[in-house]
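A look at the structure
Chain by chain, the residues:
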Amino acid sequence: LIRVMMQQSNCFRVVDRAAGLRGTIQEQELKDAGILKADTVPKKGEGIGAHMTLTPSLSFSENNAGGGIAAILSAIPALRDWAGVASGVKIKEAQVVLLLTDNQTTEQLAAATGSARATDLGVGGLVIGKAVGGAAGWGITNEGKVVAAAFLDAHNKLVQQARALKRR
């Protein structure tokens, strides 16, 4: 999810050191074994080095941050009738951190926090609030949507910082 955001911001060049790298190594091995034509994969030494490393961290995720609303309403005489309705309300929250580190100097270049909240009224899955998702299954659950929205918030802040770094 974060790699998708970073790539689509057009602010970062993203290198893949996971599945993409394994696939590249496998293609090179097939080329070296004579199975592939020589011009179908990059030559050795033509890979792009990563100048920076992005470290994502989920600081806080709460599935029911609003669990005490019904108790509070039942304690207020004028609002006591609403306590039953409020017991179905769930507030989902997430807070995240993105750190950007220079790979040559190990200096932390930028840091951004993000947060998001969604309120589930407990009415047939209706969700009201700030929640996004959809990439790689993050849009399936309300909790995932809130975490994705928090990372999007942090990403947008980090992009502003990264653009300011380029101007220096």
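Described in the following lines is the structure provided in the data block. Not measured: the values here are computed from a predicted model. (Residues numbered from 1 in each chain as written. Predicted model: local features only at pLDDT ≥ 70, side-chain atom pairs only at ≥ 80, totals over all residues. Heavy atoms only, no water.)

This paragraph deals with the layout of surface pockets. Counted as a void, the largest pocket has a volume near 550 Å³. For the lining of the largest pocket, the elements supplying multiple residues, two or more each, are α1 (2–8), β1 (52–62) and α5 (142–167). A per-class count over the lining of the largest pocket returns 14 nonpolar, three polar and four charged. (1 Å grid on protein atoms, 1.4 Å probe; cavity = no way out; pocket = protein on both sides within 12 Å on 5 of 7 lines; lining within 4 Å. Points joined across faces, edges and corners; volume = space filled by probe spheres on them. Helix = DSSP H or I, 4+ residues; strand = E, 2+ residues; numbered from the N terminus. Nonpolar A, V, L, I, M, F, W, Y, C, P; charged D, E, K, R; others polar.)

What follows covers the pattern of salt bridges. Inspection of the entire model under this criterion finds four salt bridges. A salt bridge links R117 to E93; its shortest N-O distance comes to 2.7 Å. Pair noted here: R117 is in strand β3 (residues 108–120) and E93 is in strand β2 (residues 90–102), with a separation of 24 residues, a long-range link. Its relative accessible area of 21% is what places E93 among the partly exposed residues. A salt bridge links K157 to D153; the shortest N-O distance between them is 3.4 Å. Placement of the pair is K157 and D153 together in helix α5, with a separation of four residues, close to one helical turn. According to the relative accessible area criterion, K157 is partly exposed, its value standing at 34%. The exposure class assigned to D153 is buried, which follows from its relative accessible area of 16%. (Salt bridge = Lys/Arg side-chain N within 4 Å of Asp/Glu carboxyl O. Buried < 20%, exposed > 50% of the residue type's maximum accessible area, 1.4 Å probe, protein only.)

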